[in-house]
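One-letter residues, chain by chain:
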Amino acid sequence: MIKFILSLVLTLFLAISSAFSAPCYGTKMPQANQYFSGFQTHLLLERDLEAEYGSLRSAQNFLGFSYGFFDWLTIDLKIGVGNLKQHPVDSDEVDYNSSFAGGYGVRFKLYDNQKKRLVFGFHHISVHPYSIDLDGIENRSILDDWQVSMLASYSFSKVTPYLGTKWSRVDYIHWVDDQRKRRMSDLTKGVGLVLGLDIPLSDRTWLNLEGQLFDGKALASSLNISF
């Protein structure tokens, strides 16, 4: 089974290699044919772009849905709204107001032994804020946020903390009239640290808190319920 999972992971990774930071969701996964739902807030506090393009940040709110195809395979989907704030070098910040945002991802349970768990994940968020007018010229933007992650958790009686690493890329796609440019994040800062915590509120509900460091600065929280 492990060889099959690893082969599936490799196939998925190669299929999306042209696209490579979204929340990792933690290691809590629905069993086969069950699902979770919840409300999630994701704050991308700072992410440096390549070369002289400065940095960006974003705030996003989602309604999420996670479905267990198997006990070891979960698909994560979400829809909501998000904004984008891009800060060029030696220039004022450009503020795009909130509009449509969505995301998807998969998680593979690689190891599960009662209290210990190891989970591999891939997630993507795309934010499409409203266009703005700068000096009489229309400016449009898209934020593409990609990551792969590996998380390990240990369940205590009250909480389940998790720790892991990830590789991520955030692209700022920018149109000035019809001229389009894709500006990638600084890939010398592509590897990050993930710290998270699942806090049970009842038998079916829990709070997830997560922070990300080094590749960028991000925080996420969600209130979830299992069905």
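Here is what the cut-offs are and how they apply
Counting from 1, residues in each chain are numbered in the order their sequence is written. With pLDDT at 70 or above as the cut-off, local features in this predicted model cover only qualifying residues; side-chain atom pairs require 80 or more to be listed or tallied, and sums for whole chains, interfaces and linings still use all residues. As a rule here, side-chain values cover all heavy atoms of the structure and leave hydrogens and water aside. Here a Phe, Tyr or Trp ring, Trp counted by its six-membered ring, pairs with any other such ring whose centre lies within 6.5 Å, and the pair is stacked when the planes are under 30 degrees apart, edge-to-face when over 60, and tilted otherwise. Comment: elements are numbered from the N terminus, with helices defined as DSSP H or I runs of at least four residues and strands as E runs of at least two. Three exposure classes are used, based on accessible area relative to the maximum for each residue type with a 1.4 Å probe and protein chains only: buried under 20%, partly exposed in between, and exposed over 50%. Either the NZ atom of lysine or the CZ atom of arginine qualifies as a charge over a ring when it sits within 6 Å of the ring centre and within 35 degrees of the ring normal. Any two strands with at least two DSSP-identified bridges between them are counted as paired. On a range of 0 to 100, pLDDT expresses the predictor's confidence in each residue. The contact criterion used throughout is that any non-hydrogen atoms of two residues lie within 4.5 Å.

**Student:** Looking at this structure, I do not really get the packing of aromatic side chains. What am I missing?
**Tutor:** Going through the model one piece at a time under the given rule, you end up with 9 aromatic pairs. Seen from their ring centres, Phe108 and Phe120 are 6.2 Å apart, and the 45° between their planes marks the pair as tilted. Remark: Phe120 occurs in strand 5 (residues 116-127) and Phe108 occurs in strand 4 (residues 94-113); sequence separation between them is 12 residues. Since its relative accessible area comes to 3%, Phe108 is described here as buried. Clustering of aromatic rings is evident, with ring pairs tying together Tyr35, Phe65 and Phe227. Lying over the aromatic face of Phe62, Lys78 brings its terminal NZ or CZ to 4.8 Å of the ring centre.

**Student:** Would you take a moment to explain the pairing of strand 4 for this structure?
**Tutor:** Successive residues of a regular strand alternate their side chains across the two faces of the sheet. Bridge analysis of strand 3 (residues 73-87) against strand 4 gives 13 bridges, and the strand direction is antiparallel. When the bridges of strand 4 are listed, Gly80 appears paired with Ala101. Linkage of strand 3 to strand 4, two consecutive antiparallel strands, is achieved through a turn of 6 residues, within which Asp90 is found at a positive phi near 60°. One ladder, built from 12 bridges, connects strand 4 with strand 5; its direction is antiparallel. Note that in strand 5 the partner of Gly105 across the bridge is His123. Hairpin geometry of strand 4 and strand 5 is characterised by an intervening segment of 2 residues between the two adjacent antiparallel strands and by a positive phi of about 60° at Gln114.

**Student:** Can you walk me through the confidence of the model for the protein chain in this structure?
**Tutor:** The predicted coordinates of low-pLDDT regions are not to be read in fine detail. The share of residues in the protein chain with pLDDT of 70 or more is 91%, and the mean pLDDT across the chain is 90. Of the regions scoring below 50 in pLDDT, residues 1-20 engages in 24 contacts with residues more than four places distant in sequence or in other chains.

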